[in-house]
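A look at the structure
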Amino acid sequence: MPVGLRQNYSSGKISYSLRTRSRVIALSRANRAACKLHEFWYRLRTQDADLPGNHFLRHSLTPQAPLSSADASVTYDVLTLSEAMLTYLRLKGQP
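All of these numbers come straight from a predicted model, not from anything done at the bench.

Our next topic: the overall build of the protein chain. On a plain count of helices and strands, the protein chain comes out with 2 helices and 0 strands. Buried positions account for 11% of the 95 residues belonging to the protein chain. When contacts within the protein chain are restricted to residue pairs at least 6 apart in sequence, long-range pairs at least 24 apart make up 40% of them. Carbon and sulfur atoms make up 56% of the accessible area of the protein chain, which totals about 8200 Å².

Structure below.
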């Protein structure tokens, strides 16, 4: 757990059962949980940050009226990094 986010938790360690005895399934579930946690932690870190491009972050995106006709073609359907990684691993296989 990142040091800067420990104040958000009542414990310094996150643990729970993956509910399997299979190593392959356990690795898959652990990787999925880690991706979800990293995504959540990223959002916690950037939630109130005054970052350039903050309006492009997924958590703050809301469909709004386009500023000009050139902006009308912009879509807000984006992949998170963790979703892209899972798609890549599914298509290429794990090492």
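And the narrative resumes.
All right, on to the pattern of salt bridges then. Tallying each qualifying case throughout the model produces 1 salt bridge. Among the ionic pairs, Arg43 bridges to Glu39, the shortest N-O distance being 3.3 Å. Of this pair, Arg43 and Glu39 both sit in helix α1 (residues 23-46), 4 residues apart, which is roughly one turn of that helix.

Conventions we followed
Residues numbered from 1 in each chain as written. Predicted model: local features only at pLDDT ≥ 70, side-chain atom pairs only at ≥ 80, totals over all residues. Heavy atoms only, no water. Helix = DSSP H or I, 4+ residues; strand = E, 2+ residues; numbered from the N terminus. Buried < 20%, exposed > 50% of the residue type's maximum accessible area, 1.4 Å probe, protein only. Contact = heavy atoms within 4.5 Å. Areas by Shrake-Rupley, 256 points an atom, 1.4 Å probe, with all protein chains shown as cover. Salt bridge = Lys/Arg side-chain N within 4 Å of Asp/Glu carboxyl O.

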